[in-house]
Amino acid sequence: MTDLTGSVDPAAPPGPAAGDLPEAAVRRLQSDAFSSGLTVPDFAACLDLGLEPVALVQGFCVMQWGWYGPGSGYMRGMSPYAVASGSGGGYSETYRCPHGFVSAEHRTWGQNLEQPWVEAAWTQGYSSAYARMIEEATDMGAHGVIGVVDRVGTLADTGNTEFHFLGTAVRVDGGPPPAGGVPWSTYLAGQRLTKSIEAGFMPVAVVASLASVRVWAYCMTEYLMEGQMGMGWGGYASSGPQLVDQVSKAHMAARQLARKHVREQLVGDELHGATIDVATRELSAGDEVIDCTLRGNRVRRFKDFDPIPAPRPTVRLG
Amino acid sequence: MPDLRAEMRKGAESLATAAPPSQARGITSDLSVDEALLLHAAGWEPLDLVCGVAVVSVPVGVWNWGRGAISLASDAHNAAVDQAARALRAECGKVHGHGVVGVRVDVEVRTHHIEVALVGTAVQPADGNDPRGRDAAEAMPFVSDLSARDFTLLLRAGWMPVGLAFGACFVYSPRRTAGTAMKQSTQNIELTNYTEAMYSARESAMEKMQESALEAGGEGVVEVKVTEGPMSFARHAVGFTAWGTAVKLVAEQHQFVQPQMILPLDDAVVTFEAQSLRGAGKKR
């Protein structure tokens, strides 16, 4: 698994390239039988669309996250301005304590900071697994991969992250090979893919991004997240609920950054069927890491959108 | 019926040559294919995936033992929903959307804060004609948790969503005195204090929801969802929430959609199962 670029020699005959995949994969892909992860209805719809299943293809990658605790240069205690400038121009917002010196433990500044190194590690793992799946499909002479399923999880008890892609490689009956010989891909299959094609949207690729925002709480955020309204003075009876501005903005930023990263991959195409997942790890009051994942189908409009007739409302008996 | 194979080949041909660099701002949407098609059939189009999040603090001591409603927690909840909806509207306004459909509502109540996250797809009429007027629609986009399917059906019936209607009420679980509990231990008896407290809290949440619908200019609320249960961190406190989409009639009168009756042939069938020997045939 050396070539992760997905590029192939168009003149090469279809079939797996020996030595570039695990031995079991080469044996499996050389078999005369095709394999597919499609359900029977999806399989039938796929044949109806002129898509010939070639093989079940997959890609895999295990990543270890680099250490970014003490001594890494990304730890709390550095100048917030130095961290911001060292973050590669990503999102950052700094909050200053309104109280002046109170004690050595008092959080005199806080910061929301995009963590590009986390995003880069995730992207590397995701892209590598995806490229390996596409490599298998390319080696089989496939034009596209449908019904893609991706999974990001923890590998057993190692604490490392594994990325796994699975999909069904297909050839388009009478269709040309895709640009650059790199197969297209989509999470869709069966009737949903058929409807998408009928509506004039051709899948280009599955796209995904992770945005990671670290919240270093300053004193006000810390107090609010602990339920203490400003320095703990005044009972709760005298002060009502308040918006926790820093954390709210961090949550918004994580989602907006994920959308921005995905949009950068669209290059004018559209994203359909997007799903957004957010995972938050609380480190202490207000201190947290917000990871937002956005994935969906990048599609290209290849014909004018024909509106379907207004659907007829029905009542189902039974 | 179009020739699907020809359409597929046409689509594949569009990818056979590399796309020219584009400066277009690609549309993003979390709608399914069905929803996108339905929306388009109704004359609307998706613009962008938008979100609104708000985290509001809950003062310390709020969940301590007490009686009656926990008004500060209810206030925090309502403030969080309100702020999140404002943020969502602001994002929708940036892309000149007239509203947000299919909003996913995630509410997390924690000891000292309540987090509300709203995610949906900003939409606009394809021809720019909004029953409310373009300027009014862009100034105050609607927020709706209705799916695109329900949204199109609502439009067809002459109604428009105006906003999310939300109500929440948190109450302390009532307690009896030890003496009363002892006396009642052998009786079949209604615990009126429990009945009244829970009944009242449910009604209060729904009342707040209806109030927020009226404030948004709605005439009613559809697709109401109700949740209830004790707080995981304070089992003596029970939370009730009710929310749905506030709607108003924009047509002169309600348009009856007159659905057609259908009898699907893939209906449930009665099949033989060994266990059915002990009783009637089981449907599946």
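Computed from a prediction, not measured in an experiment: that's the story for all the values here.

Conventions adopted
- Residues numbered from 1 in each chain as written.
- Chains lettered and ligands numbered in written order.
- Predicted model: local features only at pLDDT ≥ 70, side-chain atom pairs only at ≥ 80, totals over all residues.
- Helix = DSSP H or I, 4+ residues; strand = E, 2+ residues; numbered from the N terminus.
- Buried ≥ 20, exposed ≤ 12 C-beta atoms within 10 Å, placed from the backbone.
- Contact = placed C-beta atoms within 7 Å.
- Pairing = 2+ DSSP bridges.
- Axes fitted to C-alpha atoms, helices over the stretch in contact; angles between N-to-C directions.
- pLDDT = per-residue confidence, 0-100.
- Nonpolar A, V, L, I, M, F, W, Y, C, P; charged D, E, K, R; others polar.
- Core = buried A, V, L, I, M, F, W, Y, C linked by C-beta atoms within 7 Å.
- Domains from an automatic or database assignment.
- Arc of directions from axis to C-beta.
- Parallel < 35°, antiparallel > 145°, perpendicular 65-115°, else oblique.
- Expected span 1.5 Å × (residues − 1).

Side note on the overall build of chain A
The helix and strand tally for chain A stands at 7 helices and 10 strands. In chain A, buried positions account for 43% of the 318 residues. Taking as baseline every contact in chain A between residues at least 6 positions apart, the subset at least 24 positions apart corresponds to 73%.

Some thoughts on the sheet that holds strand β9 (residues 287-301) of chain A
All names here are of chain A. Strand order in the open sheet formed by 5 strands is β2-β3-β7-β9-β8, with antiparallel pairing between adjacent strands. Every other strand in the sheet has two partners, leaving β2 (92-96) and β8 (270-284) as the edge strands with one partner each. Neighbour-to-neighbour, the strand axes of the sheet open up by a mean angle of 10°, direction not taken into account. Two elements, β8 and β9, share 12 bridges in a ladder whose sense is antiparallel. Counterpart to A279 in the pairing with β9 is D291.

Remarks on the environment of H236(B)
Residues and elements named next belong to chain B. Mapped onto the secondary structure, H236 falls in strand β7 (residues 234-249). Residues H236 and V55, spaced 181 residues apart in sequence, show a C-alpha to C-alpha distance of 24 Å. The residues touching H236, leaving out its near neighbours within four places in the chain, are W65, Y172 and S173.

Quick notes on the sheet that holds strand β1 (residues 44-57) of chain B
Here 4 strands make up an open sheet; going across it, the order is β1-β3-β2-β4 (chain B) and the pairing mixed. Both edges of this open sheet fall to β1 and β4 (142-143) of chain B, since each of them pairs with a single strand only. In this sheet, β4(B) lies alongside strand β2 (residues 99-109) of chain B in parallel orientation, the contact comprising 2 bridges. If you follow V100(B) over to β4(B), its bridge partner there is V143(B). Along the sheet, helix α7 (residues 245-266) of chain A makes contact with β1 and β3 (113-125) of chain B, crossing β1(B) at roughly 155°.

Let's talk about the confidence of the model for chain A
Residue and element names in this part refer to chain A. Taken as a whole, chain A shows an average pLDDT of 82; of its residues, 82% reach a score of 70 or greater. Predicted confidence is poor over residues 1-19, with pLDDT under 50, and the contacts of this stretch with residues over four places away or in other chains come to 34 contacts. Predicted confidence is poor over residues 230-238, with pLDDT under 50, and the contacts of this stretch with residues over four places away or in other chains come to 13 contacts.

Description of the interface of chain A and chain B
Frequently, the measure chosen for interface size is the accessible area that the parts lose on association. On the chain B side, the residues contacting the 71 residues of chain A number 63 residues. Residue assignment for the side of chain A that touches chain B shows that the elements contributing at least two residues are α5 (190-198), β7 (201-216), α6 (219-225), α7, β8 and β10 (314-316) of chain A. The biggest single contributor to the side of chain A that touches chain B is α7(A), with 9 residues. Partitioning the side of chain A that touches chain B into residue classes produces 36 nonpolar, 20 polar and 15 charged. As judged from the 3 bridges shared by β10(A) and strand β8 (residues 260-262) of chain B, these two strands associate in the parallel manner. Across the sheet, residue R316(A) finds its bridge partner in β8(B), namely I262(B).

Concerning the confidence of the model for chain B
Mean pLDDT over chain B: 88, with 92% of residues reaching 70 or higher. Overall fold confidence (pTM) sits at 0.85, and the ipTM for the predicted complex is 0.84.

Some words on the nonpolar core
Core analysis: the biggest nonpolar cluster contains 151 residues, and A84(B) and L88(B) have the highest contact counts within it. Per element, the largest residue contribution to this core is 12 residues, and it comes from β7(A). Of the residues that make up this core, three or more belong to each of domain 1 (35-64 + 119-199) and domain 2 (80-114 + 210-232 + 241-301) of chain A. Ignoring any residue separated from it by four or fewer positions in sequence, one finds A84(B) in contact with G52(B), V53(B), A54(B), V116(B), A117(B) and L118(B).

Here's the deal with helix α2 (residues 40-48) of chain A
All names here are of chain A. Along α2, the positions that sit buried rather than exposed are D42, A45 and C46. The arc that holds every buried residue of α2, seen down its axis, measures 105°, which confines them to one face. Seen from the open side of α2, the exposed residues pointing more than 90 degrees away from its buried face are V40 and P41. In this structure, the buried residues of α2 make contact with β1 (51-63), β4 (144-154), β5 (161-172) and α5. One or two positions beyond α2, positive phi appears at G50, with a value near 85°.

Focus on the packing of α5(A) against helix α1 (residues 4-16) of chain B
At their nearest, the axes of α5(A) and α1(B) sit 9 Å apart, and the two run at 70° to each other. In terms of their interaxial angle, α5(A) and α1(B) are classed as roughly perpendicular. Touching T194(A), I197(A) and E198(A) of α5(A) are L4(B), E7(B), M8(B) and G11(B), all from α1(B). For the contact of α5(A) with α1(B), the per-class residue count stands at 3 nonpolar, 2 polar and 2 charged.

Some details on the domain arrangement of chain A
All names here are of chain A. What the domain assignment lists for chain A is domain 1 (35-64 + 119-199) and domain 2 (80-114 + 210-232 + 241-301). Distance from the C-alpha centre of domain 1 to the C-alpha centre of domain 2: 32 Å. On the side of domain 2, 6 residues touch domain 1, which itself brings 7 residues to the contact. Along the lines of polarity and charge, the residues of the side of domain 1 that touches domain 2 split into 3 nonpolar, 3 polar and 1 charged.

Some words on unusual backbone geometry
All names here are of chain B. Positive phi, normally seen in glycine, also occurs at H96, with a value near 60°. Here H96 shows up in the loop between α3 (71-94) and β2. A count of 15 C-beta atoms within 10 Å places H96 in the partly exposed class. Positive phi, normally seen in glycine, also occurs at E223, with a value near 55°.

Description of α1(B)
In this model, α1(B) (13 residues) spans 18 Å end to end at C-alpha, consistent with the 18 Å of a helix rising 1.5 Å per residue. If you check which residues of α1(B) are buried, you get E7(B), M8(B), G11(B), A12(B) and L15(B). Mapping the buried residues of α1(B) onto a view down its axis gives an arc of 135°, with all of them on the same face. Lining the buried residues of α1(B) we find β1, β5, β6 (184-185), α5, β7 and β9 of chain A.

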